[in-house]
Structure formats: C-alpha cells, structure tokens
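Listed here are the chains, written in short residue letters.
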Amino acid sequence: MACSNDGNGGSGANLNQIPAFNSTVLIIAPAGDGTGDVYVGGDFTSYNGIAVTRLVRLNADGTVDPVLVTGVGFNGAVRSIASVGDGTGDLYVGGDFTSYRGIAVAGLVRLNADGTVDPALVTGVGFNGAVRSIASVGDGSGDLYVGGDFSNYRGIAVAGLVRLNADGTVDPVLVTGTGFTDTVHRIAPASDGTGDLYVGGAFTSYNGTSANDLVRLN
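Residues numbered from 1 in each chain as written. Predicted model: local features only at pLDDT ≥ 70, side-chain atom pairs only at ≥ 80, totals over all residues. Heavy atoms only, no water.

A. Seen up close, the sheet that holds strand β20 (residues 214-217). With respect to topology, three strands assemble into an open sheet ordered β16-β17-β20, the strand pairing being antiparallel. Pairing within the sheet leaves two strands with one partner each, and these edge strands are β16 (184-189) and β20. Between one strand axis and the next, the sheet turns through 20 degrees on average, direction left out of account. Alignment of strand β17 (residues 197-201) against β20, held across four bridges, turns out to be antiparallel. (Pairing = 2+ DSSP bridges. Helix = DSSP H or I, 4+ residues; strand = E, 2+ residues; numbered from the N terminus. Axes fitted to C-alpha atoms, helices over the stretch in contact; angles between N-to-C directions.)

In structure tokens form, the structure reads like this:
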C-alpha cells in the first residue's frame, strides 16, 4: 500500500510496502501501545519471504517487528487476537489450533509481548472446537469472553460462549444455560457502561429463546 496524500500536500504515515502473505489473513488487531503496530493472524506461514506461522506483529511501515518471536508458531489457523488489557502488553490468541511452539494449547493461549506462553492462563484440555472470537471484559481484570464453534471447555458444557477469569477458570457470572444452537463468530462488549455484550453468529436461538444471528446479552 503506497503512502497516501493527507490533503495538505504531505503524505500520511501508512504501510509503505505491499503486504505479501502466502495465505489468508483472518484477523488484524492494533497493538494498543501507541506504536501504531498491528498483530496479524490467519492461515499463512510466511510474510514477504519471512517465516511467520499464522501470527506476526508488524511495525507501522509494514516491516516485521522482531519483538514477537513465534518460532514454529501455531498448527492451525489464528482467528482472533485481543489485548489482555491489564497493562502487561500480553495478548490472547484464539483459533483452530491445538499447539503453539510445540506446546499443547487447545484453541486459546495467552502470549507475552515477546511471544512466549504466559502460564497465567491455564486452559487444560481447552475447547473441543474452534475459537472464533475473543473480547476483553475491559475492566482491568484480564478476564475475557470467548466465542466459537465449541460445546465444551475443560470438561464443562459451554455452548458457543464462555467468560473466563484471567487464570483460565470459568467465571460463573455469565450463565448461558443451553447456549447457542450454532457457531458464535463475533463478540463485542457494549460501550454504554452497562456491561452488556453483543454476540453474532450463525445461530437461530440462545438458551431456548429465538435469536437469529444477533443477540444482546446482559
């Protein structure tokens, strides 16, 4: 992507090279630290000839930021990335994978800024299906909402949506009952201070109530 004119005779500081991934990009998330960097996840294994297995951090100019070292990376697609939001610079990564850098992580992992696994999040046997969306609760606790194509997490029935504490245990505050009839694709906390949550996907009902593809939850 070439630099664009800012309308005042100057050029905006944009990505200054043509991104060249060797397969699909599924998610982009700002680093959120004021650098202008972004995390990119998907089903690719290289970027501009550099080995980056399904996750990479890019500088604002499109070059690879070497701070994030993923090694052999993920063994399945990365579909969601979210900042932990607790000031650590850590990030949550979710997707179709069952391992990261040779470590068993079924669908969800917390990474330090340097790409190492943060053991604070203990997922155990993890999810029995793909994680499609992650959203930080946004209260500084490090808690997160997780949605996807799963029905079980660590042996607990959670049909498509679950709230996890920062340590990976299930937060019982969110009671979903029988949950969703099909895949949850996106989660977005409401921005009105209520703590409510928007959930979108391929479902037709939630906890026995008709809800065609979109619902707002308390």
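Next comes the rest of the write-up.
B. Layout of the pairing of strand β2 (residues 38-42). Counting buried positions over the five residues of β2 gives four, a clear majority of the element. As judged from the five bridges shared by strand β1 (residues 25-30) and β2, these two strands associate in the antiparallel manner. In the sheet register, Ile28 faces β2, and the bridge partner there is Val40. (Buried < 20%, exposed > 50% of the residue type's maximum accessible area, 1.4 Å probe, protein only.)

C. Representation of the environment of Val175. Its place among the elements puts Val175 in the loop between β15 (161-164) and β16. Residue class for Val175 comes out exposed when judged on its relative accessible area of 63%.

D. Spotlight on the confidence of the model for the protein. Overall, the predicted model of the protein reaches an average pLDDT of 89, with 92% of residues at or above 70. Confidence drops under pLDDT 50 across residues 1-12; counting only partners more than four residues distant or on other chains, this segment forms 18 contacts. (pLDDT = per-residue confidence, 0-100. Contact = heavy atoms within 4.5 Å.)

E. Quick look at the packing of aromatic side chains. A full pass over the atoms with the stated rule returns eight aromatic pairs. An angle of 50 degrees between the planes, with centres 4.5 Å apart, marks the rings of Phe21 and Phe44 as tilted. Within this pair, whereas Phe21 is found in the segment before β1, its partner Phe44 is found in the loop between β2 and β3 (46-47), the two being separated by 23 residues in sequence. Of the residues examined, Phe21 reaches a relative accessible area of 22% and is grouped as partly exposed. Since its relative accessible area comes to 0%, Phe44 is described here as buried. (Phe/Tyr/Trp six-rings, centres within 6.5 Å; stacked < 30°, edge-to-face > 60°.)

F. Layout of the sheet that holds strand β10 (residues 108-111). Within the open sheet, the three strands sit side by side as β6-β7-β10. Their pairing is antiparallel. Where the open sheet ends on each side, the last strands, each with one partner, are β6 (78-83) and β10. For this sheet, the mean inter-axis angle between neighbouring strands, taken without regard to orientation, is 20 degrees.

G. Here's a closer look at unusual backbone geometry. The phi dihedral of Asn48 is positive, around 50 degrees, even though this residue is not glycine. Here Asn48 shows up in the loop between β3 and β4 (50-51). Positive phi, close to 50 degrees, is recorded for Arg101, a residue that is not glycine. Following the sequence through the fold, Arg101 ends up in the loop between β8 (99-100) and β9 (103-104). You can call Arg101 partly exposed: its relative accessible area is 33%.

H. Molecular detail of the pairing of β15. Burial along β15 is two-sided: Leu161 and Arg163 and Val162 and Leu164, pointing in opposite directions, are all buried. As judged from the four bridges shared by strand β12 (residues 144-148) and β15, these two strands associate in the antiparallel manner. The residue bridging Leu144 from the neighbouring strand is Leu164, located in β15.

I. Just the pattern of salt bridges, in detail. All chains considered together, the criterion is met by eleven salt bridges. Here Asp33 makes a salt bridge to Arg57, at a shortest N to O gap of 2.8 Å. Here the residue Asp33 occupies a position in the loop between β1 and β2, and Arg57 occupies one in strand β5 (residues 55-58), the gap between them amounting to 24 residues. Given the relative accessible area of 7%, Arg57 is considered buried. The partner of Arg110 in a salt bridge is Asp90, with the nearest N and O atoms 2.9 Å apart. Here Asp90 lies in the loop between β6 and β7 (91-95) and Arg110 lies in strand β10, a separation of 20 residues in the sequence. The class of Arg110 is buried, set by a relative accessible area of 6%. Judged by its relative accessible area of 5%, Asp90 falls in the buried class. (Salt bridge = Lys/Arg side-chain N within 4 Å of Asp/Glu carboxyl O.)

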